[in-house]
Structures are given as C-alpha cells and as structure tokens.
Amino acid sequence: MVLEATMICIDNSEWMRNGDYAPSRFQAQADAINLICGAKTQSNPENTVGVLTMAGKGVRVLVTPTSDLGKILACMHGLEIGGEMNLAAGIQVAQLALKHRQNKKQQQRIIVFAGRCAVIACSPVTHDKKALEMIGKKLKKNSVALDIVNFGEDDEGKTEKLEALLAAVNNNDTSHIVHVPAGPNALSDVLISTPIFTGDGEGGSGFAASAAAASAGGVSGFEFGVDPNLDPELALALRVSMEEERARQEAAAKKAAEEASKQEKGGEEQDATMTERASEGTSEADNKKNEIADDDNTLLQQALAMSMDEPTSSQDLQDTEMSDAAAEDPELALALQLSVQDSTKDSSSQADMSTLLADQSFVSSILASLPGVDPNDPSVKEVLASMQNQSEPQQKQGEDKAPKKEEEK
Amino acid sequence: MSAAESATAIQKNQVDLLDFIDWSGVECLNQSSTHSLSNALKQGYREDEGLNLESDADEQLLIYIPFTQVIKLHSIVVMGSEEEGPKTVKLFANREHMGFSNVNDFPPSDTAVLSPDNIKGKPVVLKYVKFQNVRSLTIFIEDNQSSSEITKVQKIALYGSTVETTDMKGLKKIEDH
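Everything numeric here is computed off the predicted structure, so don't read it as measured data.

Participant: Describe the overall build of chain B, and please don't skip the residues or the numbers.
Facilitator: Helix and strand counts for chain B come out as three helices and nine strands. For chain B, the succession of helices and strands along the chain, N to C, is α-β-β-α-β-β-β-β-α-β-β-β. A burial count over chain B gives 46% of its 177 residues as buried. Contacts in chain B between residues at least 24 apart in sequence constitute 81% of all its contacts with a sequence separation of at least 6.

What follows is the structure in structure tokens.
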C-alpha cells in the first residue's frame, strides 16, 4: 500500500509494429499499461499514474499523474506509432512531471517500456552507458525509483545499457528490470508475476490475480480455471471435490495394490470405519509373516497357502454365515444399523460402538461379510484384540473364541 | 566582543530546538540508507562519533526539517570529520519540498562556510533577523572539506528560541457556573 506517483514511459517507435509479441508489440504494451494502471490505483486509492510517449515527434506527456483511471485509459486510444525512442529525454521529462506532482508525500516511480532503445542514435555503447549512468545517479539522488521492461530485440548492447542504468538508480532494491523474451506468452502475463506488479512484495497481487483470470480468459494460472477472488464459493467447491476424488482414487489404488500383494493375508477392508484397522492389519500381517518365516513353521505356512488358494469359496460360506447370524441375532442387526449410522456423533455413540466391538462374534461376522477377509486369520484377530484395548478381559474372550472358530472350520 | 556576546547568548536564552522538530515530516535527499539523518539529529546518536549521516550518489545533501511550532533560529552546530565534513552549508527558511534542481533558484536565508573550528563543534551564528519566523528549515550541504565523493556529518544541532504560540494541548474548557 505504498503511496506512489508513477509515470509510465511508452515506446511508440516504428519498431513497435512488429508482431513477435501478440497481437503486435504496441498492443501488448498497451495491455500491460492498462493492467499496471489498474494495479497501482487499486493498491492505494491515492496513488496517481501518468503517461508519456517517448518516440514520435518528441517526448510528449499524454496525461500528468492522476488517480482517474478512465482518463488514463482514454489517452491510450489513438496513439500513433512512428519515429525513434529517446530514452534519456523520456526519463528526464518523467522526472520533471513527478517533481510537480500535487501530493508531495507520494513516492516517485518511473516505469519505462524499452522496446528499441537508441539513447543517442548511432552512438557507441560506452557513451550511452555513461549518459545513462548519469541519469540514473540523478534519479537516485532525488529518490526516484525506476522499473524497466526490456522487450523487443537486443541490439547495440541494449540489455547491457539498461542493466547499467538500473545499477545506477537502484537504492535498496526499489528499482527492477524485467526481460521479456518474444513468445506465446502475452507481455502482461509475464509482467504480472514480476515485482513491478507486486510492488516490492505486497499490494497489487490481489488485483493482479483477478486481472490474470480476466485477461487470460480460461488459460489462467489458477486451479480449475476459476479465480478465487471472483467466485470463492465455486473455487472452494471445486477444490473440495477434487480432494475427495483424489482420496477416493488413492484408496482404490491402495486397495488394488494390497489386493494384489496381500491377498493371502486377507487384510483388505472397504468400510470407512475399518480403514485404520486395515492398515494396522497389513502391517501386523507383515510382522506375522516374518515371524512365521523365522520360526520356519512349515505347517502354518501350508495352512496359509491353503487359505490363499480358496478365497472365493470361503467368501460364499462367510456370506451365508453372515445372513444366518443376522437372522439369529436381532441385537446384531440393530448393532449393524448403528454402525452404518453417522460415525461423527457424540462420544455416547462411540461408547456404543466400542461395546459393540467388544462383542467378538459380532465383529467376526462383520468381517466375514467383507470380501477377501478371512476372519480366522490370526493376524486379523490380533488386530481386533488391539482395537479392544479398553477392555482386557474382552481380549481374553476373543482369544478363547479364536480357537473355537478354528475348530468350527 | 561580538563573538563573546554571541557565545554567551547561546548559554543565556537559546535552547536546543531538538524538542520542537516534527519528526514525521523530516526528510533527507541523497542520504545513504545505512547512514541516515537520525544519526546526525537524534539525541544520543549525534554524540556518537561512529554514527554519521552519509551522502549516497554524490557529496550533496538536502535536509528538510519542519517544526511543531514557530521558532527563531539563532545558531547551528555542524560537526563532522576534517576531510569529509561539510563545508558550504546553505539554509532556507520556510521553503517546502525543495529538490536539488531548484535549490539554486532561490537565494538562501543564510550561507555558512564551515571552518575547521566549526567542524569540531563551534557554533555558527546566523543572521538572526532572517530567521525570526521559522516553520521549517531546509539545510543544503553543497560540498565537503576535501571535495571527496561522500560527505559525512556527525552532528547537526539547532539553537534558538520559540515564539509565543498557543499550545493547543494546554487549552482547557472553561467550566460553566
């Protein structure tokens, strides 16, 4: 929000007819200037902006520093291209215009668009550099900041001269130079990300963001092509749905990976409430496997291999088990209903859940209904046991029931 | 005789005008960002010989000091080093927002060429009649003692007296009986 008076120096020389910046160099310049004016006036309502042209018959001030955006935009119309740009004279006139600004409290800034720079036509580089350095020193002495937009071709050591000028002016990083190469990106788009727009790290970025969305029209730097400033609700909704989709995809991918690698463990869970247990289950399954390998218990390995070979057949059995259990146990049916309900309720419902979990038969029947899960797998049982750490006796009960189940099978 | 008089005058009725400087409006053109005007003006900083006000691009400095009330300026003290301390100092009373370009357009209210004595701390007595009604003071340091690239000023002190003006803070509402 720095209070600033800015003079913009336009290059309207013959070389601006070139089309290497779409649609033409001059149009690109005009767009960039419109954006800058808007950004400056938005960042602080008391800021003033003025415009002058450097080529043509001579340096001409189109509008003296004013905060009226309409006036500035109007004077950009009907500008003629011709002649050669005179950088030194342009900067000096800009400095004079700033000196006579109405509000003396404003900081002074000059923004120069250097398309094709001939300081003193057909002079060697050293002479120009000296002259530019003198100008730069004078600007620094009068605490005027300078921003240079270097575009177009780089002949006669233009870049070198401009860098020398910047070095002479720069006081504490208030002055900047931006080199914009020709290409598909519009001049204004490139400028938006530069300190020229963002005003030394604060201020105009909000405006610049919305301007980017408006001018780029679809090809914007934002996610989802929607600007948060223009439509925050839509942007938020899009972002949330994207995240949900991502989470869903991750879960699906995870499931696929785990199904492929750990089908023999039967540790795959679909239900949201069971996901934590699933991750625990798989990690414990890994440990279990290691233990088994270490123990070199071949019999157990064979048993596991057998269960891996017949996942489909056991599923049917488990499904029938489940329906029988539901029919037999209305309490179980009720418990199932509760578990399906909103899990984000109060702790009272949580307590209900935990008591339900404590019921080993209920849990094992739930697990049985899930595809690819073998409730008789000792690793799964261990997981369940660890989940019920609120009630140790329940654990023991679980362990008692485990051998029972194995007997059943 | 006159020198002795002026010396005693400083002790008698002239005060250090540091308290009447309006700090929000103080400006200095062409100062180096690391060595700023406060090093020369502020209490404590100005006594420290290591802290100087330094010029940046060239040897000139333009200092603008507004005051909170109208003052009469009697004398100034400008201290610096023997080589890089200021030499020619021009003072302008009541000129706002001057720049280096128009500093030579007006005749100064007074000009002081600082001798080595002055640079050590001897006050320079000014043309009192020119500084009877001062709201703001512009100090233009044109060159330094050895014409080097950078001018270094260790201390700037202003001595004078205030004109009787109403202190608005002291005004109290009269109680209705």
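Participant: Describe the nonpolar core, and please don't skip the residues or the numbers.
Facilitator: Counting residues in each nonpolar core, the largest one holds 34 residues, and the members touching the most others are B:I63, B:I65, B:F67, B:L73 and B:I139. Where this core is concerned, the elements lending two or more residues are helix 2 (38-41), strand 4 (61-80), strand 5 (88-93), strand 8 (134-141) and strand 9 (152-162) of chain B. Broken down by element, this core gets its largest block of residues, eight residues, from strand 4 of chain B. B:I139 has contacts with B:L61, B:L62, B:I63, B:I65, B:V89, B:K90, B:L91 and B:I156, leaving out every residue within four places of it along the chain. A:M16, A:I72, A:F113 and A:F151 belong to the second-largest nonpolar core, a separate cluster that totals 31 residues.

Participant: Please give an account of the confidence of the model for chain A that cites residues and values.
Facilitator: Residue and element names in this part refer to chain A. With 56% of its residues at a pLDDT of at least 70, chain A reaches an overall mean of 72. Confidence over residues 208-221 falls short of pLDDT 50; this stretch has 17 contacts with residues more than four positions distant or in other chains. Below a pLDDT of 50 lies the segment residues 289-293, which in the model reaches seven contacts outside its immediate sequence neighbourhood of four places, other chains included.

Participant: How would you explain the environment of A:L187 if you had to name every residue and give the values?
Facilitator: Residue and element names in this part refer to chain A. Mapped onto the elements of the fold, L187 is located in helix 6 (residues 187-192). C-alpha of L187 to C-alpha of D31: the two residues are 156 residues apart in sequence and 8.0 Å apart in space. Not counting residues up to four positions away in its chain, the partners in contact with L187 are Y21, A28, Q29, A32, F113, F151 and V180.

Participant: Go over the packing of aromatic side chains with me, naming the residues and quoting the values.
Facilitator: In this description, an aromatic ring pair is defined by two values, namely the gap between the centres and the angle between the planes. Overall, the coordinates contain three aromatic pairs over all chains when judged by the stated rule. Each ring, one from A:Y21 and one from A:F151, has its centre 5.7 Å from the other, and the planes form 85 degrees; the classification is edge-to-face. Of this pair, A:Y21 sits in the loop between strand 1 (4-10) and helix 1 (25-43) while A:F151 sits in the loop between strand 5 (144-150) and helix 5 (158-169), and the two are 130 residues apart along the sequence. Here A:Y21 and A:F151 have matching classes, each one buried. Put simply, the rings of A:Y21, A:F113 and A:F151 touch in pairs and so form one group of aromatic residues. The aromatic ring of B:W23 is capped on one face by B:K42, whose charged end is 5.4 Å from the ring centroid.

Participant: Tell me what's going on with helix 5 of chain A, and back it up with residues and numbers.
Facilitator: Taking 1.5 Å per residue, 12 residues should reach 16 Å; helix 5 of chain A reaches 17 Å between its end C-alpha atoms and fits that length. Listing the buried residues of helix 5 of chain A in full gives A:K158, A:K161, A:L162, A:A164, A:L165, A:L166, A:A168 and A:V169.

Participant: Provide a residue-level description of the side chain of A:Q29, including the pertinent values.
Facilitator: Looking at the element boundaries, A:Q29 is found in helix 1. In this structure A:Q29 touches A:I10, A:D11, A:M16, A:F113, A:F151 and A:L187, once residues within four positions along its chain are discounted.

Participant: Account for the sheet that holds strand 4 (residues 107-114) of chain A, naming residues and giving values.
Facilitator: Residue and element names in this part refer to chain A. If you walk across this open sheet you meet the six strands as 3-2-1-4-5-6, and the pairing is mixed. Taken across any chain shown, the strands that pair with only one partner, and hence form the sheet edges, are strand 3 (60-66) and strand 6 (176-179). Shown here is a sheet whose adjacent strand axes are inclined to one another by a mean of 10 degrees, direction ignored. Two elements, strand 4 and strand 5, share seven bridges in a ladder whose sense is parallel. The residue bridging I111 from the neighbouring strand is D147, located in strand 5. The sheet contacts of helix 1 involve strand 1, strand 2 (48-53) and strand 4, and relative to strand 1 the element is tilted by about 175 degrees.

Participant: If you had to explain the pattern of salt bridges to someone new, which residues and values would you point to?
Facilitator: Residues and elements named next belong to chain A. For the structure shown, the criterion picks out 18 salt bridges over all chains. Between R109 and E4 there is a salt bridge, with the nearest N and O atoms lying 2.6 Å from each other. Of the two residues, R109 sits in strand 4 while E4 sits in strand 1, which places them 105 residues apart along the sequence. For the residue pair R109 and E4, the accessibility class agrees, reading buried in each case. Two residues, R109 and D147, come together in a salt bridge whose shortest N-O distance is 2.8 Å.

Participant: Tell me about unusual backbone geometry, and please be specific about residues and values.
Facilitator: One non-glycine residue, A:S143, adopts positive backbone phi at about 50 degrees. Structurally, the position occupied by A:S143 is in the loop between helix 4 (125-141) and strand 5. Judged by its relative accessible area of 40%, A:S143 falls in the partly exposed class. Located in the positive-phi region is B:H97, a residue other than glycine, with phi close to 50 degrees. Counting through the fold element by element, B:H97 comes out in the loop between strand 5 and strand 6 (110-113). Residue B:H97 is classed as partly exposed on the basis of its relative accessible area of 34%.

Thresholds applied
Residues numbered from 1 in each chain as written. Chains lettered and ligands numbered in written order. Predicted model: local features only at pLDDT ≥ 70, side-chain atom pairs only at ≥ 80, totals over all residues. Heavy atoms only, no water. Helix = DSSP H or I, 4+ residues; strand = E, 2+ residues; numbered from the N terminus. Buried < 20%, exposed > 50% of the residue type's maximum accessible area, 1.4 Å probe, protein only. Contact = heavy atoms within 4.5 Å. Core = buried A, V, L, I, M, F, W, Y, C linked by side-chain atoms within 4.5 Å. pLDDT = per-residue confidence, 0-100. Phe/Tyr/Trp six-rings, centres within 6.5 Å; stacked < 30°, edge-to-face > 60°. Lys NZ or Arg CZ within 6 Å of the ring centre and 35° of its normal. Expected span 1.5 Å × (residues − 1). Pairing = 2+ DSSP bridges. Axes fitted to C-alpha atoms, helices over the stretch in contact; angles between N-to-C directions. Salt bridge = Lys/Arg side-chain N within 4 Å of Asp/Glu carboxyl O.

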